[in-house]
Amino acid sequence: MTTLNLDKPGPRLLIIDDDHLLRGMAANTLRHAGFDVCEAEDGFQGLAQVEEQGPFDLLLLDVMMPDLDGYEVCRRVRQARHGERVPVLMLTGLNDSASIELAYEAGATDFISKPINWTLLSHRVRYSVRAGLAIESAMRSRERLERAHYIANMGSWELVDDGARFLCSPELMRVLAASPAVVARAQPEEFLSLVADADRDTVRTLRQTALQEGKPYQLTFAIQRFDGVVRTVFEQAATVIDHNGRQVAVEGITQDITDRVEAEERIKRLAHYDVLTGLPNRQFFGELVAPALDRSTRLGTGCAMVYVDMDRFKSVNDAIGYAQGDTVLRLISARLKSSVRTSDLAMDGRAGQESMVSRVGANAFTMLLVDIDDDKQAALVADRLLSAIATPITVDGRELILTASIGMALYPRDAADAEGLTRCAEQAAYAAKSAGRAQYRFFDEAMNVRASARLARESDLRRAISEGQLRLHYQAKVDAADGAIVGAEALVRWQHPERGMVSPGEFIPLAEESGLILPLTDWVLETACADIRRRADLGLQPVPVSVNLASPSFADDGLRGQLEALLARYHLTPSCLVLEVTESLLMSDVERAVLRLQELRELGFRVSLDDFGTGYSSLGYLKRFPIDELKIDRSFVTDAWKGGRDGAIAVSVIALGRVFGLHVVAEGVETMAQSTFLLAHGCPHQQGYLFAKPMPADAFEAMLAAPPKQVI
C-alpha cells in the first residue's frame, strides 16, 4: 500500500494550462504547500509528460485550451499507460451542469471552479491526492484478492433480492467455465442445476437457510461445469448485514478443490492399498476386519481367516524375472477374488468386494470368510483356492504350475481379534508348508507352541549377534600335492550360554527366514577382517579367507562402501578376502548380479562360485559372470572316486575351470581316495575333514605356524 507523507516533498503533480499566469500562480502555491509540481502549457505537451515522466499523483487540467481541449486530454490520459487511475481535477470557469457532465464523462475525478480560491487550492489538492491513494490502495487490494482467488482456483458470488439474483465474480466464471453471456442471462436455479443430483437439494436448503435465517454454511460437493466437466468444489457462505442491521444478501466463495481431493485419494490409496495388486494392505485389512468380527459376534455366527502363502515363489522370480513375477502375482490375486463367492466374503463399503482379500506379504494373501459354521465350510473354500492357484499359467510361452500353502483360523475359537486371527492363520500356513506344501491346515494350539518356540529362538539369535555369543571358525583349504595351506573358509558358530554349541543347520535357516542374515553376515565380515589383521601382526603366513555373502548382503547397495571401510579400518588389501556367492543368488537377477560382480572385481576382490552345479544348469551364464573360482559341491565329491556320474561331473567342472581360467576348489574331501582322484584330474586345492575340521581362530593360527603336513 502507498502511504502519503505530506510533511515531506514527494507527491508529484502536473498542471496543464495554456494560461501562463494562472499556471504559474497555481504551481507556486502548490510548491509552497510541499508538492513536486511539473507544468505543461498545452494538451499535447501534457500528454507527452504523462507518457514520459509519469506516473503522477494528480493532474490539474484546464478545460478551455486551444487545439486540444481539457475533455479530450482527459480522455487520452485515461488511455495512457500511467493515466488510468490518476486523479484528474478539471479547472473550469463554466458553471453549467452540461460542462460538468462532460468532464465526468471524459474521466475527471473532480473539478475546481474559476476564479480559483488560492487559499483552498492546496487543501483541495491534498484531499484529492489522499482520496486517489485510498482508491489506488483499494484497487490493489482487490487485484491481490483476485490473484489469490485465481491461484486458489476460487471465485466469489452473491445472492441478492431475496435470492432472485445470483451475481458471480470473473474468477467464479472461470471456475464454472461460464461465458459472460451465460452469466448475464442465468438465474440462481440455473447455477444450482450445475450441482450433482446427490448434492443439489442439500445446497439449495443451505442457501435458503442462509437467506432466511442468516445461518452460514460450509460444504464440499460435486458439480458439472457449463462445459460438461465434472469437478469437486468447496463452498462457504455467510450473510451480509447493512448499517441498519438488516440482512441484505448472502455472500460466498466457491473453490475448485478437485486436484486436492484427487491427491488425497491417491495418498489414501497408497497408504491403504498394495501398489502391485490394488488389494488392501495389511494395515487397512486389519481396519476392515474389525467391523466384520463385531457383526459376527452380534449375530452369533463364525468367521474364518485364510492365509495363502505361495510356495517357492522365489524360484519363480529367479526363473522368469521379477517383472514377470509381478504379473503372476497380479493374476493370482485376481484368481483369489474370483474363486470365492461374494457371499463368503466379509464386505465393507470403504473398499468393495475385494475388501476382505488382502496382500499382506511379498507372496502372501489373506481373506476373511463370514458366516462359517464349521471347519468343513472353510475347507471347501480352501480347496477351491488351491485348485484356482494350481491352474497352469503361461508366461512368455512357458507354462507355470503354482501351488500354495494355506492356513486357516476360526473366529471366535482361535482368536478374538484380527491380529490374533491373522497370526494363527499364518502359523497354520507355515505348518502346511512344513508338511509338504500345496495343502491347507487349520490352526491348533500345538502350532502356537511351536511358533512361540521359534520366536524365542529368533530372539536368542538376535541377542547372540549383539552380545558376542558368535564365534568364527576356520577350515583350511590345502594344496593336496604338498599339504600347504592356500586359504581358509570362515564359518560362523553359535556358542549359546545354556545350550552350548548350536548347529549352523539350525540357526542359519532361522537367520534367513527372520531377516537376521544381514547383520549376521556383517558380523562375519568384521570378525574375519579383524582376525586377518591379528595374524598379520603376529607374522603368520598370509592366506586369503573366504566369506559367504548372503543374498541380502550381495544385493545391498551399501556393500561396496562397507567393504572399503573394513579394508581401511584394518589396513588390509582386497586380496585378503574371497567373497563366496551361490548359483541361486546370481540367477535371481542375472543382469544385476553381473554388475555387482564387476564392481567387486574392480575393487580387487576375488569372487568364488559356491556349490557349483547344484542349483541351475548355468553353463550358459558362466561366461557372463566375472568370477575367479569354482567350488565343486561335496555332493559330487563323495562318490567321485568311484567314477560314474559324480566322477564325470567333478571332472567336467575341473575341465570347465581350466577352459575359463578359473581356480577350482573341491569341498567335502574326507577320504584319501577322494583326494587322490581329484588331484589326478587336476584339482589340487581341496577342503575337508581329511585335512582339517573347522576350528577356532587360535587353533587355525597354530596350524598356520606349524610346518605343512603332507597327506598324500
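Being a predicted model, the structure only gives us computed values, none of them experimental. (Residues numbered from 1 in each chain as written. Predicted model: local features only at pLDDT ≥ 70, side-chain atom pairs only at ≥ 80, totals over all residues. Heavy atoms only, no water.)

Asks: Looking at this model, I keep getting lost on the overall build of the protein chain. Mind explaining?
Replies: Across its full length, the protein chain carries 27 helices and 27 strands. Compactness check: the protein chain gives a C-alpha radius of gyration of 44 Å against a globular reference of 27 Å for 712 residues, more than 25% above the reference. With respect to the principal axes defined by its C-alpha atoms, the protein chain has extents near 135 × 70 × 50 Å. Counting only contacts in the protein chain whose residues sit at least 6 apart along the sequence, the fraction spanning at least 24 positions is 64%. Accessible area for the protein chain stands at about 34700 Å²; split by element, carbon and sulfur atoms hold 53% of it. Charge separation in the protein chain, taken as the distance between the mean sites of 77 positive and 99 negative side-chain charges, equals 5 Å. (Helix = DSSP H or I, 4+ residues; strand = E, 2+ residues; numbered from the N terminus. Rg over C-alpha atoms; globule rule 2.2 N^0.38 Å. Contact = heavy atoms within 4.5 Å. Areas by Shrake-Rupley, 256 points an atom, 1.4 Å probe, with all protein chains shown as cover. Lys, Arg positive; Asp, Glu negative; His and termini not counted. Charge placed at Lys NZ, Arg CZ, Asp CG, Glu CD.)

Asks: So what exactly am I meant to see when it comes to the confidence of the model for the protein chain here?
Replies: Low-confidence regions, as indicated by low pLDDT, have predicted coordinates that should not be scrutinised in detail. Residues at a pLDDT of 70 or more form 92% of the protein chain, whose mean pLDDT is 85. Strand β21 (residues 545-548) holds the highest mean pLDDT among the elements of the protein chain, 96, whereas helix α23 (residues 619-622) holds the lowest, 66. Every residue in residues 349-355 scores below 50 in pLDDT, and together they form 23 contacts with partners more than four places removed in sequence or on other chains. (pLDDT = per-residue confidence, 0-100.)

Asks: Got a minute to help me understand helix α15 (residues 418-434) in this structure?
Replies: Along an α-helix, a turn takes 3.6 residues, which lines up residues three or four apart on a common side. Taking 1.5 Å per residue, 17 residues should reach 24 Å; α15 reaches 24 Å between its end C-alpha atoms and fits that length. When α15 is considered as a whole, its buried residues turn out to be Ala418, Gly420, Leu421, Thr422, Cys424, Ala425, Gln427, Ala428, Ala429, Ala431, Ala432 and Lys433. A positive phi of about 130° marks glycine 436, the residue just after α15. (Expected span 1.5 Å × (residues − 1). Buried < 20%, exposed > 50% of the residue type's maximum accessible area, 1.4 Å probe, protein only.)

Asks: Help me understand the domain arrangement of the protein chain, please; the structure alone is not making it clear to me.
Replies: As a measure of interface size, the accessible area lost when the parts come together is often cited. Segmenting the protein chain into domains produces domain 1 (12-147), domain 2 (153-262), domain 3 (274-347 + 354-443) and domain 4 (469-705). Look at where the C-alpha atoms of domain 2 and domain 3 centre, and you get two points 49 Å apart. (Domains from an automatic or database assignment.)

Asks: What is the right way to read the pairing of strand β23 (residues 606-612) from this model?
Replies: The element β23 is largely enclosed, with a buried count of five among its seven residues. Bridging between strand β22 (residues 577-582) and β23 involves five bridges; their strand directions are parallel. Counted as the bridge partner of valine 578 is arginine 606 from β23. (Pairing = 2+ DSSP bridges.)

Asks: What is the right way to read the pattern of salt bridges from this model?
Replies: Close approach of charged atoms lets side chains of opposite charge pair. Summed over the entire model, instances satisfying the criterion amount to 40 salt bridges. Close ionic contact of glutamate 489 with lysine 631 constitutes a salt bridge, the shortest N to O distance being 3.2 Å. Residue glutamate 489 is located in strand β19 (residues 485-496), and its partner lysine 631 is located in strand β24 (residues 629-632); the two are separated by 142 residues in the primary sequence. Taken as a pair, glutamate 489 and lysine 631 share a single burial class, namely buried. (Salt bridge = Lys/Arg side-chain N within 4 Å of Asp/Glu carboxyl O.)

Asks: Before we go on, may I ask you to explain the nonpolar core in this structure?
Replies: Burial of nonpolar side chains together is a common tendency in soluble globular proteins. Counting residues in hydrophobic clusters, the biggest one holds 81 residues, and the most contacted among them are Tyr474, Phe554, Leu586, Phe625 and Ile627. Beyond its immediate chain neighbours, meaning those up to four positions away, phenylalanine 625 contacts Leu586, Met587, Val590, Ala593, Val594 and Leu597. Ala304, Ala379, Ala382 and Leu400 belong to the second largest nonpolar core, which has 35 residues in total. (Core = buried A, V, L, I, M, F, W, Y, C linked by side-chain atoms within 4.5 Å.)

Asks: What should I look at first to understand unusual backbone geometry in this one?
Replies: Glycine aside, the phi torsion of most residues is negative, and most peptide linkages are trans. Note the cis peptide between tyrosine 411 and proline 412, where omega equals 10°. Locating proline 412 in the fold gives a position in the loop between β16 (404-411) and α15. Backbone geometry at aspartate 67 places phi at a positive 65°, although glycine is not the residue there. Relative to the elements of secondary structure, aspartate 67 occurs in the loop between β3 (58-62) and α3 (70-79).

Asks: Explain helix α20 (residues 559-570) here, please?
Replies: With twelve residues, α20 should cover 16 Å at 1.5 Å per step; its first-to-last C-alpha distance of 17 Å lies within 8% of that length. Turning to α20, its buried residues are Leu559, Leu563, Leu566, Leu567 and Tyr570. Viewed along the axis of α20, the buried residues span an arc of 95°, placing them on a single side of the element. Its buried side turned inward, α20 meets α18 (517-537), α19 (551-555), β22 and α22 (590-603). Just past α20, the residue histidine 571 takes up positive phi, approximately 55°. (Arc of directions from axis to C-beta.)

Asks: Would you mind going over the pairing of strand β6 (residues 154-160) with me for this structure?
Replies: Every other side chain in a regular strand lies on the same face of the sheet, so the side chains alternate between the two faces. Counting buried positions along β6 yields five of seven residues, so the element is predominantly enclosed. The sheet contact formed by β6 and strand β10 (residues 247-256) spans six bridges and is antiparallel. When the sheet's bridge partners are listed, glutamate 158 is paired in β10 with glutamate 251. Summarising the sheet, β6 and strand β7 (residues 165-168) pair through four bridges and their orientation is antiparallel. Bridge pairing links glutamate 158 to leucine 167 in β7. Between β6 and the antiparallel strand that follows it, β7, lie four residues; aspartate 161 among them carries a positive phi value of about 55°.

Asks: Explain the sheet that holds strand β11 (residues 303-310) here, please?
Replies: Note: strands within a sheet are paired through backbone hydrogen bonds, in either parallel or antiparallel orientation. Judged by pairing direction, the sheet is mixed, and its five strands sit side by side in the order β12-β13-β11-β16-β17 without closing on themselves. On the outer flanks of this sheet lie β12 (357-361) and β17 (440-442), each paired with one strand and no other. Neighbouring strand axes in the sheet, compared pairwise and without regard to direction, differ in orientation by 25° on average. Alignment of β11 against strand β13 (residues 364-370), held across seven bridges, turns out to be antiparallel. Its bridge partner lying in β13, methionine 305 is registered against leucine 368. Helix-sheet contacts for helix α13 (residues 322-338) involve β11, β12 and β13, and the interaxial angle to β13 is about 10°. In the packing of helix α14 (residues 375-390) onto the sheet, contacts are made with β11, β13, β16 and β17, and the angle to β16 comes to roughly 160°. (Axes fitted to C-alpha atoms, helices over the stretch in contact; angles between N-to-C directions.)

Asks: Would you mind showing me how to read the state of the cysteines here?
Replies: Defined simply, a disulfide is a covalent bond joining two cysteines at their sulfur atoms. Evaluated as defined, the whole model comprises zero disulfides. Sulfur of cysteine 38: no disulfide; nearest cysteine sulfur belongs to cysteine 74 and is 18 Å away. When its relative accessible area of 15% is taken as the criterion, cysteine 38 is described as buried. (Disulfide = S-S within 2.5 Å.)

Asks: Could you clarify how one ought to interpret the packing of aromatic side chains in this entry?
Replies: For any pair of aromatic rings, the description rests on two quantities: the centre-to-centre distance and the angle between the ring planes. Applying the stated criterion across every chain, the model contains eight aromatic pairs. On the basis of an interplanar angle of 70° and a centroid distance of 6.4 Å, the ring pair of tyrosine 104 and phenylalanine 111 is categorised as edge-to-face. On the basis of relative accessible area, tyrosine 104 is assigned to the partly exposed category, the value being 37%. A relative accessible area of 22% places phenylalanine 111 in the partly exposed class. With centroids separated by 5.4 Å and ring planes inclined at 20°, the aromatic side chains of tryptophan 157 and phenylalanine 166 adopt a geometry described as stacked. Of the two residues, tryptophan 157 and phenylalanine 166, both sit in the buried class. (Phe/Tyr/Trp six-rings, centres within 6.5 Å; stacked < 30°, edge-to-face > 60°.)

Asks: What is the right way to look at the sheet that holds strand β8 (residues 217-224) in this model?
Replies: The five strands are arranged β7-β6-β10-β9-β8 in an open sheet whose pairing can be described as antiparallel. Strands with a single pairing partner mark the edges of an open sheet, and in this sheet they are β7 and β8. Each adjacent strand pair in this sheet contributes to an overall mean axis angle of 25°, direction not counted. Running over the sheet, helix α9 (residues 197-213) touches β6, β7, β8, β9 (230-241) and β10 and is turned about 140° from β8.

Asks: Teacher, can you tell me more about the side chain of serine 169 here?
Replies: Structurally, serine 169 can be placed in the loop between β7 and α6 (170-176). Residue serine 169 is classed as buried on the basis of its relative accessible area of 10%.

Asks: Honestly, the side chain of histidine 272 in this entry has me stumped. Any pointers?
Replies: Looking at where histidine 272 falls in the secondary structure, it is placed in helix α10 (residues 258-272). On the basis of relative accessibility, which here comes to 16%, the residue histidine 272 falls in the buried class.

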